[in-house]
Amino acid sequence: MAVVILAAGQGTRMNSAVPKVLHPLAGIPLIGHVVATAEALDADSVSVVVRHAADDVAAAVSAQTDGVVIVHQDDVPGTGRAVEVALEGVDDSVADVVVLSADVPLLDSDTVRAMVGLHRDAGAAVTLLSAVLEDPTGYGRVVRRADGSVERIVEEGDASAEERELQEVNAGIYVFSHEVLRQHLPTLGQDNSQSEKYLTDVVSRVVATDGLVHAVQVEDAWLVDGVNDRVQLSEVQRRLNRMIVRGWQRDGVSIPDPDSVWIDLSVTLSPDVTVLPGVQLEGQTHIGEGAVIGPDSTLRDTEVGAGAKVERSVVHDAEIHADASVGPFAYLRPGAVVEDGGKVGTFVEVKNSRIGVGAKVPHLSYIGDADIGEGANIGAGTITANYDGVNKHRTVVGPHAKTGSDNVFVAPVEIGAGAYTAAGTTIRRNVPAGSLAVAPASVRSIEGWVAKNRPDSDADRASRPETGSAKN
Ligand code: UD1
Ligand code: CA
């Protein structure tokens, strides 16, 4: 058995600069889902036919697997031509050819395997999947004869008004006898509304030569939902997301508002995790047991330890270890590591830095390229000045140091273990362990400045309640 995935079409109805089959679904491109289904079939070969944005589509497929052959379609348009080109690389010994569409992403390998089984048992020349749809608009219709056998497939653009009333549609998923394809594909014309070589025309050829065509109706029509425009894309996205969310709920994850939570297929969650409304979990993200994520947070490629909390925050490519707490309103960028029990609080941005065990950065700070020691406390409004315009430098804060509010650490700089820094200090030189760093300049008050420079102002009167009273 050989599998051919059709992915050469332009996807005009998407109105997109991005090729249709590369639009994302649960964290991977549409075509990635179909490639995964194909690989699960253990076929002798899997080929993907490309043409529109061929390099991009081929690159996406190769990034996922190296077990797939990329075939380039030529100038002749149509699904029939796509399969014909793919067959050039298929060995003569192959008996059956399964054709999948890259824009039908929810179809599972069990359904395809069952279709192949029926095809072989019946000794059919062609077996195709069909579905009965309330609204069949846009699909090719299955035309049956009075005895119920399949006569042909007619595309919407070529269908009579009567044929358009038919609700049984061609899903675009087939098993063909290899020999039958070799016989009929070269003879197909392009005399139709789209001037394309239609794969579906093989059906009437087979019927005309007394071959057997089976249309197997799928019970769950959504399995064969095609993505042709962005309305259909969002429907497929929501359906798959619902299935993913439901799967995690069954595995012991609390998700009280499933419709507002989006979880990529690649994400893993432990039991007793709670995912609150408005959360997106993306890429290689893993959440440990008992952690609470949300509301309103986005985590991408992030590891969260057991019992940790992330509230109203954005986290990319970071680690949040057990019992740590992040947010509300924090931004963790690549390389941020919050160790066990550590805290990154409100309006804090962290990049490429380690916040040590139990260390805290509670308020209004930027921590970049820093190493904050165990149990240290960073005062409100602290900035690591890590960039001199050319290079980035590191800040090291020793364990159990307590730094004052409104500090600037001008890197490279080191604050020793257990050291303190005064509020409002700019630290330009290393602070030895156990010392207190204070900036030498003290504040000088010029007495009487307001009376002299802003006479009779509200400030002036307020400053001298015995002589003049401020308005109100
Ligand atoms: C096709 C079927 C239609 C069926 C529908 C199901 C034909 C003629 N029609 O219509 O009966 O109801 O799928 O989803 O087959 N492609 C190529 N090369 C091409 C043209 C298309 O590889 O020259 C690929 C596309 O990238 C896509 C798939 O084939 O993955 C289907 O093409 P599309 O244009 O979407 O066909 P439909 O109009 O949906
Ligand atoms: Ca389609």
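Quick note: structure is the one above.
Let me sum up the structure you'll find in this document. (Residues numbered from 1 in each chain as written. Chains lettered and ligands numbered in written order. Predicted model: local features only at pLDDT ≥ 70, side-chain atom pairs only at ≥ 80, totals over all residues. Heavy atoms only, no water.)

Taken together, 23 residues sit near ligand 1, with L6, G78, T79, E155 and N170 positioned nearest. Between ligand 1 and Q73, the relevant distance is 2.8 Å, taken from a nitrogen atom to a side-chain nitrogen or oxygen of the residue. Interatomic distance of 2.6 Å between a backbone N/O atom of N170 and an oxygen atom of ligand 1. For ligand 1, the accessible surface in isolation is 760 Å², of which the surrounding protein chains cover 91%. Those elements that provide at least two residues to the shell around ligand 1 are α3 (79–87) and β10 (168–177). (Near = heavy atom within 4 Å. Polar contact = N/O pair within 3.5 Å; in protein donor to acceptor, adjacent residues only side chain to side chain. Areas by Shrake-Rupley, 256 points an atom, 1.4 Å probe, with all protein chains shown as cover. Helix = DSSP H or I, 4+ residues; strand = E, 2+ residues; numbered from the N terminus.)

A few words on the nonpolar core. General note: in soluble globular proteins, nonpolar side chains tend to be found buried as a group. Membership of the largest hydrophobic core comes to 58 residues, with the highest contact counts inside it found for I263, L281 and L332. With 6 residues, helix α8 (residues 230–250) is the single largest residue contributor to this core. Apart from residues no more than four positions distant in its own chain, L281 is found in contact with W262, I263, D264, V267, L269, V275, I287, I293 and L299. Membership of the second largest hydrophobic core comes to 37 residues, among which are V3, A7, V48 and V112. (Core = buried A, V, L, I, M, F, W, Y, C linked by side-chain atoms within 4.5 Å. Buried < 20%, exposed > 50% of the residue type's maximum accessible area, 1.4 Å probe, protein only. Contact = heavy atoms within 4.5 Å.)

This part covers the side chain of T395. Counting through the fold element by element, T395 comes out in strand β31 (residues 395–397). Sequence-distant contacts of T395, defined by excluding residues within four places in its chain, comprise D369, A370, D371, T384, F409, A411 and V413.

Within the protein, the calcium ion (ligand 2) binds to D103 (OD) and N228 (OD1); these donor distances fall in the range 2.4 to 2.5 Å. Placement of D103 in the loop between β6 (96–101) and α4 (109–122) and of N228 in the loop between β11 (213–217) and α8 is noted, with a sequence separation of 125 residues between them. Note on accessibility: D103 and N228 belong to one class, buried. (Donors = N, O, S within 2.8 Å, 3.2 Å for Na, K, Ca; no water.)

For α8, spanning 21 residues, the distance from its first C-alpha to its last is 30 Å, which sits close to the expected 30 Å at 1.5 Å a residue. Here α8 has its buried residues at Q232, L233, V236, L240, N241, I244, V245 and W248. Next to the buried residues of α8 lie β2 (24–25), α1 (30–39), β12 (262–263) and β13 (268–269). The residue sitting at the N-terminus of α8 and contributing the capping side-chain oxygen is D229; that oxygen lies 3.0 Å from the backbone nitrogen of V231. (Expected span 1.5 Å × (residues − 1).)

We now examine unusual backbone geometry. Cis geometry marks the peptide bond from G294 to P295, where omega comes out at 0°. Backbone geometry places N15, a non-glycine residue, at a positive phi of 50°. Within the element layout of this structure, N15 appears in the loop between β1 (2–6) and β2. The backbone of A53 sits at a positive phi, close to 45°, despite the residue not being glycine. For A53, the location among the structural elements is in the loop between β4 (45–50) and α2 (54–64).

Okay, the pairing of β1 next. Consecutive residues of a regular strand have side chains that alternate between opposite faces of the sheet. Here β1 lies mainly inside the structure; 5 of its 5 residues are buried. Of the two faces of β1, both are covered, the one formed by A2, V4 and L6 as well as the one formed by V3 and I5. Note: β1 against β6, 5 bridges, orientation parallel. Within β6, the residue paired with V4 across the bridge is V99. (Pairing = 2+ DSSP bridges.)

All told, the structure shown has 21 salt bridges when counted by the stated rule. Look at the salt bridges and you will find they share partners, linking D74, R81, E84 and K197 into a network. (Salt bridge = Lys/Arg side-chain N within 4 Å of Asp/Glu carboxyl O.)

At a minimum axis distance of 10 Å, the contact between α1 and α2 shows a crossing angle of 50°. Accordingly, the angle class assigned to the pair α1 and α2 is oblique. α2 is crossed by α1, and the crossing has right-handed handedness. Across from I31, G32, V35 and A36 in α1, the residues of α2 making contact are V57, V61 and Q64. (Axes fitted to C-alpha atoms, helices over the stretch in contact; angles between N-to-C directions. Parallel < 35°, antiparallel > 145°, perpendicular 65-115°, else oblique. Left-handed = near helix turned anticlockwise from the far one by under 90°.)

If you walk across this open sheet you meet the 9 strands as β13-β16-β19-β22-β25-β27-β29-β31-β33, and the pairing is parallel. Of all strands in the sheet, those with a lone pairing partner are β13 and β33 (413–415), marking the two edges. Here strand β19 (residues 303–304) runs beside strand β22 (residues 319–320); their pairing, made up of 2 bridges, is parallel. Within β22, the residue paired with V304 across the bridge is I320.

Turning our attention to the side chain of D460. With respect to the secondary-structure elements, D460 resides in helix α10 (residues 458–463). The exposure class assigned to D460 is buried, which follows from its relative accessible area of 2%. When near neighbours in sequence (up to four residues on either side) are disregarded, D460 contacts V450, A451, R454 and P455.

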